Every structure is written in C-alpha cells, then in structure tokens.
Amino acid sequence: MSTVPKPLGLLAELTHRCPLACPYCSNPLDLERRSAELDLATWARVFEEAAALGVLHVHLSGGEPGARADLEEITAAAARAGLYTNLITSGIGLDAARFARLAEVGLDHVQLSIQDADESEADRFAGMSGAHRRKRKAARAAVAAGLPLTINAVIHRGNADRVPAMVAEAVAMGARRIEVAHAQYYGWALANRAALLPTLAQVEAVRAAVEHLRAEFLGRLVIDYVAPDYFGSRPKPCMNGWGRQSLNVDPTGRALPCHAAATIPGLTFWSVRDRPLAEIWERSPAFEAFRGTGWMREPCASCPRASVDFGGCRCQAFALTGDARNTDPVCALSPLHGVVAEARTEAAAPAEAAAPAEAAAPFRYRRHRQAAPA
C-alpha cells in the first residue's frame, strides 16, 4: 500500500487569460495561450479522478476563470464529482446572470480579488480603467445569487497603508471573510519586487491594523492574515509540505506540486493528458523531488522543525539562492539568510528616501510574452 498521503485540495488553473495585468500576479512570466488549454471533457475526468484520490475541494482559478465560456459546465462537472467548488476570480466578465447560473450548477463559494480601496489606485494596480467599479458590481451579484463571498486583498508597498479601508470595502461588498495577504514574490511579483516590497514599518502597521480590525468586526467579518515571508525568521510550511496536501493542474494539463514549481529547472512534470491523476500524485518525479524530509541538507536535515516547515518554500529557495535544495533563506538559520535582508534593504531604500509619488517604481505589468526588457 502506498505511504504517500492523500491530497485534500486541487487548484485547477483553467486559463491564463485575464483582463487585468496585476504586477504581483503569481502566474508564470510565460503565459499559456488559449489554444493550449484543457477541454471540458478532460477537466471533468480530472475532477472525478481527484475525488477518487481523496480531494475534497477544488479551486477554479486562472488567470480569470470567467474567460472560459464553458465555466458553468466546468463548475457543474466539479460539483457532480462531489467536490466543494470555490471560484477565485477578478469578477471582470461575470455578471448577475452568470453568477446565478454558477450557483444553480453547484458553485459553493466565491473569492473575489481587490487591488485597493482607492478606486484610482486599484485600477492602476490592475492595469485596467474602471476595474474596481466592476468588481463592486460583481460582488453584489455574487451575494445576490446566494454565494458566500471572500475578498482577497494582496498587500504591498503601494496599498499597505489602506488595509482598514479595504476591510471596510469588503464589508460593504457583503463579504463574510477577507484574506489580507502580503504579496508572495514569485512570477510577476518577483519581477516587480523592487516596486512592491513594503518597509518594515508598513509590515508592522498592517499587523497591528489587522489585530484591531479583528476586534472591531468580530462576529461580522472573518479576517485572515498572511504574513510576508521576507520579514520572518522562520519559513512557512509551504503548501503544508511539498506533495503532501494539495496539487495544481495548469491550463495545459501539467500537474504541479505548487503554482510556481515550474520555475525550478530540472523537474519533470507529468500531464493529466497522458496519465491518471493518482499515478501523477504518487509517482511523478516532480512530486517525489522534495516530498518528505529525505532530500534535505543542513541545517534542515537535523532541525527539529524539519517535519514542521519542511525547509520552507522550494521555489523561493531557488529564486533567491539558485538551488531549490537549499534551506529557504527566509529562515534565520540559513547560511544564505543575508539575501533576504539585502532584498529588504534594497527595495525599501527608494520608498524611504523619496516622497510617495516619487517612490513609485514602474511596474512590469502582467502581459503575454513581449520583447524582453533591455
């Protein structure tokens, strides 16, 4: 009998198409085209296989999943498989009629992203004029359809001072929950880190604001908080351990241990087009690469937290040190911890030396492949 634990969650990245261009997007820099996307029948099979494997909930994501004309059919297939269905959306392109249809076919929950509470700044971060107004309308439509609503607010240097306003916005939208989550520096966020990484003072202010707001909105709104990796002394147990609880399927059908795993060179990713999900989960070289603790080097190998944080994030270790087998340098015990301190210092210097309007570094907006910057 296999000793590999069973996954609980599946992130189904239905498409990389999205009307927004958020510079902190976790999608890869090389976005997949529509022609490469899995069809409805394949997604339906994946959902059935996921449920048989032990998955309980599926997150329908992107890009913007609403860009799929067959989103209702995909959602219905996930519901028929017995999975709890959560739609992660920008809200753009989803009107009252579509939310009503999604609720009718079995959608259980909606997570709607906002970029800011200030409308003009929200639109600037999203790279789309009028985006925030459309998000407000989408939130009302989701709630009117009887769908529980969570607001996702990604926090960075440009909006960290407006967390109370974003919480108030979530309440006005009819949300039951808000996730106040600092940007994670993969994909487009890593490319824009110098413009996005907050100062230590901002991080401390956000943490204090969240604690105050939790007390203020107790019983009305659940406020989750995701602390920033770069300001910690111990790493998070990324994905609760590589290949332990969850998996991703990208728009082309590649099965990944996490959304950024493809940034690590040398990993071999099997596709749901060619193999059943259970075989991929249990035997894929990519899932086996960092599963458990046997791959660890020192100081992780002998650390009492080895089976608690699993060495931190493999993708972050690669991004910051060039080797995915290194200890996540967020950890103060890592011999390479200095690269995180240097990133904080370098990214914060412009913000501390200039007025806010002068400190705004230009974003590299999320777009399909263009000419490489000089």
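Residues take numbers from 1 onward in each chain, read along the sequence in its written order. Where totals are concerned, whole chains, interfaces and linings use all residues; where local detail is concerned, this predicted model gives features only for residues with pLDDT of at least 70, and gives and counts side-chain atom pairs only at 80 or more. Here the side-chain values reflect all heavy atoms present in the structure, with hydrogen atoms and water set aside.

**Comments concerning the side chain of E37**
Argument step 1. Secondary structure follows DSSP: runs of H or I at least 4 residues long count as helices, runs of E at least 2 residues long count as strands, and numbering of each begins at the N terminus. Looking at the element boundaries, E37 is found in the loop between β1 (9-13) and α1 (40-53).
Argument step 2. The exposure class assigned to E37 is buried, which follows from its relative accessible area of 12%.
Argument step 3. If we skip the residues at most four places from it in the chain, E37 touches L14, T15, H16, R17, R68, P251 and R273. Only protein chains enter the calculation, and the probe is 1.4 Å; a residue is then buried if its accessible area is under 20% of its type maximum, exposed if over 50%, and partly exposed in between. Here, two residues are considered to be in contact whenever any of their heavy atoms come within 4.5 Å of each other.

**Some points on the sheet that holds β1**
Argument step 1. Strand order in the open sheet formed by nine strands is β7-β6-β5-β4-β3-β2-β1-β8-β9, and the pairing between neighbours is mixed. Bordering the open sheet on either side are β7 (222-226) and β9 (255-256), each of which pairs with just one other strand.
Argument step 2. Judged from the five bridges that link them, strand β6 (residues 177-182) and β7 form a sheet pairing that is parallel. Across the sheet, the residue bridging to A181 is V226, located in β7.
Argument step 3. Along the sheet, helix α6 (residues 163-173) makes contact with β4 (109-114), β5 (149-155), β6 and β7, crossing β5 at roughly 160°. Strands are labelled as partners when DSSP assigns at least two bridges between them. As a rule, the C-alpha atoms of each element are fitted with a line to give its axis, helices using only the stretch in contact, and angles between N-to-C directions run from 0 to 180 degrees.

**Observations regarding the nonpolar core**
If you look at soluble globular proteins, the nonpolar side chains tend to sit buried side by side.
Argument step 1. Among buried residues, the Ala, Val, Leu, Ile, Met, Phe, Trp, Tyr and Cys ones that are joined through side-chain atoms within 4.5 Å form a nonpolar core. Residues L10, W43, F47, F99, I151 and I178 are the most contacted members of the largest nonpolar core, which totals 62 residues.
Argument step 2. The residues touching F47, leaving out its near neighbours within four places in the chain, are L10, A12, V58, L60, I74, A77, A78, A81 and L83.
Argument step 3. In this structure, Y24, I92, L197 and A347 belong to the second largest nonpolar core, which totals 23 residues.

**Concerning helix α5 (residues 131-144)**
Argument step 1. An ideal rise of 1.5 Å per residue puts 20 Å on 14 residues; α5 measures up with 20 Å between its terminal C-alpha atoms.
Argument step 2. Within the sequence span of α5, burial applies to A131, H132, K135, A138, A139, A141 and A142.
Argument step 3. In this structure, the buried residues of α5 make contact with α3 (96-105), β4, α4 (119-126), β5 and α6. Here a helix's expected span is defined as the number of its residues, less one, multiplied by 1.5 Å.

**A few points about the confidence of the model for the chain**
Argument step 1. Per-residue confidence for the chain gives a mean pLDDT of 92; residues scoring 70 or more make up 94%.
Argument step 2. Residue range residues 351-359 is modelled with pLDDT below 50. Its contacts to residues more than four positions away, or to other chains, number seven contacts.
Argument step 3. Each residue carries a pLDDT value, the predictor's own confidence for that position, ranging from 0 to 100. For residues 370-374, every residue scores under 50 in pLDDT, and the model assigns this stretch zero contacts once sequence neighbours within four places are set aside.

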